[in-house]
Amino acid sequence: MQKEAQDDDALLRRIAEAEGEALRELYRKYGGLVYGIGLRITGDAAVAEEVAQDVFMSAWRGAASYRPDLGAVATWLGRIARNRAIDALRGMKSRPMPLREDWGELADAEDTRSPDPAEEAGRSQRAKEVRAAVAELPEGQRTALSLAFFKGMSHSEIAAALGLPLGTVKSRIRDAMRSLRDKLGEGGSA
Amino acid sequence: MTDHEEIAGLLTGYALACLDSEDEEAVREHLAGCAECRSELAALRLSVGELAAAMAPCPPPAGLEERIMSALPRIRARPRLIPPFLAAAAAILIALLGAGNVLQWQRSQADSARRAAGGLVTMALLGSGAGSSAFGTIVLDPEDNEGVLAVRGLDSPGASGRYQLWLVKGERKASGGLFEVDSHGYGSLVLDVPADFRGFDALMVTLEPRGGSASPSGRAVMQGSR
Ligand SMILES: [Zn+2]
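Residues numbered from 1 in each chain as written. Chains lettered and ligands numbered in written order. Predicted model: local features only at pLDDT ≥ 70, side-chain atom pairs only at ≥ 80, totals over all residues. Heavy atoms only, no water.

Draft legend 1. Quick look at the pattern of salt bridges. Residues and elements named next belong to chain B. Counted under the stated rule, the structure contains 19 salt bridges over all chains. Put simply, Glu-24 and Arg-28 hold a salt bridge, and the shortest N to O gap is 2.7 Å. Residue Glu-24 and its partner Arg-28 are located together in helix 3 (residues 21-33), separated by 4 residues, close to a single helical turn. Among the residues examined, Arg-28 registers a relative accessible area of 38% and is labelled partly exposed. With a closest N to O distance of 3.4 Å, Asp-196 and Arg-172 form a salt bridge. One end of the pair, Asp-196, is in the loop between strand 7 (187-192) and strand 8 (202-209); the other, Arg-172, is in strand 6 (residues 172-179), with 24 residues separating them in the sequence. A relative accessible area of 37% places Asp-196 in the partly exposed class. (Salt bridge = Lys/Arg side-chain N within 4 Å of Asp/Glu carboxyl O. Helix = DSSP H or I, 4+ residues; strand = E, 2+ residues; numbered from the N terminus. Buried < 20%, exposed > 50% of the residue type's maximum accessible area, 1.4 Å probe, protein only.)

Set out below in structure tokens:
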């Protein structure tokens with residue numbers, strides 16, 4: 001695990017030095033993750049491809065700003081990919097159907113294999129911990145968090161969709177994130 | 001004006017990019033002046049990344065890798081050997097630039113921007129903008145395949161920036177590569193001219209992020225034409 005983080009850190013430094021082959025290695029390792037995030041959030045293969053292209057171009061430009069002390073490369077790429085996918089989703093004329101995705105379903109779909117077995121092995125343990133922590137959230141919190149995370153819905157949109165007071169939605173999302181952090185700790189892979 | 005406690009309660013939404021716009025604006029303003037909230041936000045963003053990274057991967061379509069690779073700016077991955085005839089020319093140029101006789105150098109360049117010297121072609125680049133004292137020259141082989149650029153008088157691009165040379169042909173621009181400058185303001189670069197840019201019309205230099213850009217994003221800091 002430690003070695004994994006060192007390898008990734010070295011990879012990002014090579015990308016920061018504008019070495020194209022290093023970006024290819026990054027893609028081969030995390031392309032499945034990034035594309036998967038784009039696909040699950042937007043529900044559209046073509047849009048997911050555009051999202052992935054954007055994410056790797058951002059990685060190419062922003063590799064120098066990657067800080068290993070602020071999380072693993074998968075986490076860094078994952079957040080960029082999720083945010084790009086949400087932007088793309090907001091820009092789509094017809095949004096995909098209301099919430100079908102949940103981390104619970106994702107956990108069930110775990111037999112979806114990454115193209116690279118090493119990638120899967122390196123990440124799956126942490127991913128399992130995260131999914132387990134999400135699954136333990138009270139249902140109300142998990143639903144509100146899912147709508148924000150997968151659909152990019154604002155607090156007031158979620159309140160309207162669930163028929164809840166705005167303050168309740170805000171505190172559910174906040175409490176959900178707080179308890180995830182408590183369970184998962186600050187670090188990446190301990 | 002904004003209450004730290006109130007903003008702290010909105011940081012989760014901010015990290016998830018799901019705040020309503022007026023809240024988002026309030027958080028952004030507050031963050032500028034509150035280190036505690038900035039560090040809290042960094043931790044929350046990490047959690048968002050963890051949630052994203054926990055999603056199951058999906059095999060991407062077959063052509064995506066090549067599409068991503070071919071979209072990269074054309075930039076040399078590693079320094080390479082300079083052909084001997086260009087290395088000699090570059091050494092002379094750098095000595096000339098270092099001689100400090102700027103006026104004489106500029107005058108000689110001004111006579112003709114393009115001079116054949118032993119089959120090599122030189123072009124001058126001058127800093128754009130009133131305050132700029134940057135100048136430089138590029139030596140190209142007769143076939144326009146490769147060249148050496150030497151510049152002087154540019155400010156440091158900073159740790160996160162690089163200068164990027166651009167070849168301009170008609171409306172099109174292609175990257176000629178990235179370079180840094182040393183503490184004395186000197187920089188140099190070995191250039192491969194892409195086949196479809198032989199006989200280019202002009203050159204320009206811009207300041208770009210460290211990894212370079214696919215097209216110029218800033219204003220030219222240096223320019224030169226044939
Ligand atoms: Zn604060």
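Draft legend 2. The coordination of the zinc ion, seen in detail. Residues and elements named next belong to chain B. Taken together, His-4 (ND1), His-30 (NE2), Cys-34 (SG) and Cys-37 (SG) make up the protein donors of the zinc ion, found 2.0 to 2.3 Å from the metal. Around the zinc ion, the 4 donor atoms are arranged such that angles at the metal cover 103 to 117°; this shape is classified as tetrahedral. Relative accessible area serves as the criterion here: at 12%, Cys-34 is assigned to the buried category. (Donors = N, O, S within 2.8 Å, 3.2 Å for Na, K, Ca; no water. Tetrahedral: all angles 85-135°; square planar, octahedral: opposite > 155°, others 65-115°.)

Draft legend 3. Just the pairing of strand 5 (residues 161-169) of chain B, in detail. Residue and element names in this part refer to chain B. Within strand 5, 8 of the 9 residues are buried, which leaves it mostly tucked inside the rest of the structure. With 8 bridges joining them, strand 5 and strand 8 adopt antiparallel strand pairing. For Leu-165, the partnering residue across the bridge sits in strand 8 and is Val-205. Where strand 5 folds back on strand 6, the antiparallel hairpin that results is connected by 2 residues, among which Gly-170 adopts a positive phi of roughly 60°. (Pairing = 2+ DSSP bridges.)

Draft legend 4. Representation of unusual backbone geometry. Residue and element names in this part refer to chain A. Of note in the backbone geometry, Ala-18 takes a positive phi value of approximately 65° without being a glycine. Among the structural elements, Ala-18 can be located in the loop between helix 1 (2-16) and helix 2 (20-42). On the basis of relative accessibility, which here comes to 3%, the residue Ala-18 falls in the buried class.

Draft legend 5. Local environment of the side chain of Arg-82 of chain A. Within the element layout of this structure, Arg-82 of chain A appears in helix 4 (residues 73-91). The side chain of Arg-82 of chain A sits in the buried core without any salt bridge; Asp-87 of chain A is the nearest counter-charge, 7.6 Å away. Among the polar contacts listed, one links the side chain of Arg-82 of chain A to the backbone oxygen of Leu-16 of chain B, at a separation of 2.8 Å. Discounting residues that sit within four places of it in the chain, Arg-82 of chain A has contacts with Ile-37, Ile-41, Ala-148, Phe-149 and Gly-152 of chain A together with Leu-16, Ala-17, Val-48 and Ala-52 of chain B. (Lys, Arg positive; Asp, Glu negative; His and termini not counted. Polar contact = N/O pair within 3.5 Å; in protein donor to acceptor, adjacent residues only side chain to side chain. Contact = heavy atoms within 4.5 Å.)

Draft legend 6. Representation of the interface of chain A and chain B within the structure. Counting from both sides, the interface comprises 67 residues of chain A and, opposite them, 51 residues of chain B. Both sides of the chain A and chain B interface together cover about 5300 Å² of buried area, and 63% of this is carbon and sulfur. Among the residues chain A hides against chain B, the three largest losses belong to Tyr-27, Met-177 and Arg-181 of chain A. Together they make up 12% of the total. Taken together, the connections running from chain A to chain B amount to 7 salt bridges. Counting every contact that joins chain A to chain B gives 15 residue pairs in polar contact (both at pLDDT 80 or more). Put simply, the parts of the chain that give the side of chain A that touches chain B at least two residues each are helix 2, helix 3 (45-62), helix 4, helix 5 (103-108), helix 6 (117-135), helix 7 (139-151), helix 8 (155-162) and helix 9 (166-184) of chain A. The dominant element in the side of chain A that touches chain B, judged by the number of residues it contributes, is helix 2 of chain A, at 15 residues. (Buried area = accessible area lost by both parts, 1.4 Å probe.)

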